[in-house]
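In case you want the letters, here they are:
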Amino acid sequence: MSTVENEARIREVILRVMEIEEAELTRTALFRDLGADSLDAVQVLSDLEEEFDVEIDPKAANRMVNIESILEVLAECEAK
C-alpha cells in the first residue's frame, strides 16, 4: 500500500479517536500539542494495530508522536 493511502487511513483513525478538526492534523503536528492524553494514545495504537493488522512493539509505539513517525513505525512492521 502506498504512503498516501496509509496516511489517509492513519488520519481517519486519529480523527475518530481524538475528535479534532482535520485542518489541525498535519504530518508533523505532535499529538500532545493537539490535546492527546495517554488514553487517546492507547486507543490510537489499538485502532492502528487493528486497521493495519500488525502488532506494534511498545518501544516503537513510544516513538509514535505524529503521523510522520507512525508511517515510519508501520514501514518497520511491514519490513519484518
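Per chain, the residues get numbers from 1 upward, laid out in the order the sequence is written. A pLDDT threshold of at least 70 governs which residues receive local features in this predicted model, and a stricter bar of 80 or more applies before side-chain atom pairs are shown or counted, although totals over entire chains, interfaces and linings include all residues. Water and hydrogen atoms were dropped before computing side-chain values, which therefore reflect all heavy atoms in the structure.

Asks: Residues and numbers for the overall build of the protein chain, please.
Replies: We count a stretch as a helix when DSSP gives it H or I for four or more residues in a row; a strand needs E for two or more, and each element gets its number in order from the N terminus. When you go through the protein chain residue by residue, the secondary structure sums to four helices and zero strands. Beginning at the N terminus, the succession of helices and strands in the protein chain can be written as α-α-α-α. Computation of the radius of gyration draws on C-alpha atoms alone. For the globule rule, the value is 2.2 Å times the number of residues to the power 0.38. Relative to its length of 80 residues, the protein chain is compact, with a C-alpha radius of gyration of 11 Å against a globular reference of 12 Å. For the protein chain, the spread of C-alpha atoms along the three principal axes comes to 35 × 25 × 20 Å. Only protein chains enter the accessibility calculation, which uses a 1.4 Å probe; a residue whose area is less than 20% of its type maximum is buried, one above 50% is exposed, and one in between is partly exposed. Split into buried and exposed, the 80 residues of the protein chain put 40% on the buried side. At a minimum sequence separation of 6, the contacts of the protein chain that also span at least 24 residues come to 52%. Accessible surface computed for the protein chain: about 5200 Å², of which carbon and sulfur atoms make up 48%. Neither His nor the chain termini are counted; the positive set is Lys and Arg, and the negative set is Asp and Glu. The atoms used to mark charge sites are NZ of Lys, CZ of Arg, CG of Asp and CD of Glu. Each charge sign in the protein chain was given a centre, from 8 positive and 21 negative side chains, and these centres are 6 Å apart. Should any heavy atoms of two residues lie within 4.5 Å, those residues are considered in contact. Per-residue and other accessible areas follow the Shrake-Rupley method at a 1.4 Å probe size, with only the shown protein chains counted as cover for residues.

Asks: Residues and numbers for the environment of Ala8, please.
Replies: Note on placement: Ala8 falls in helix α1 (residues 3-18). A residue is classified by how much of its surface remains accessible, and Ala8, at 35% relative accessible area, is partly exposed. Through-space distance from the C-alpha of Ala8 to that of Glu72 is 15 Å; in sequence the pair is 64 residues apart.

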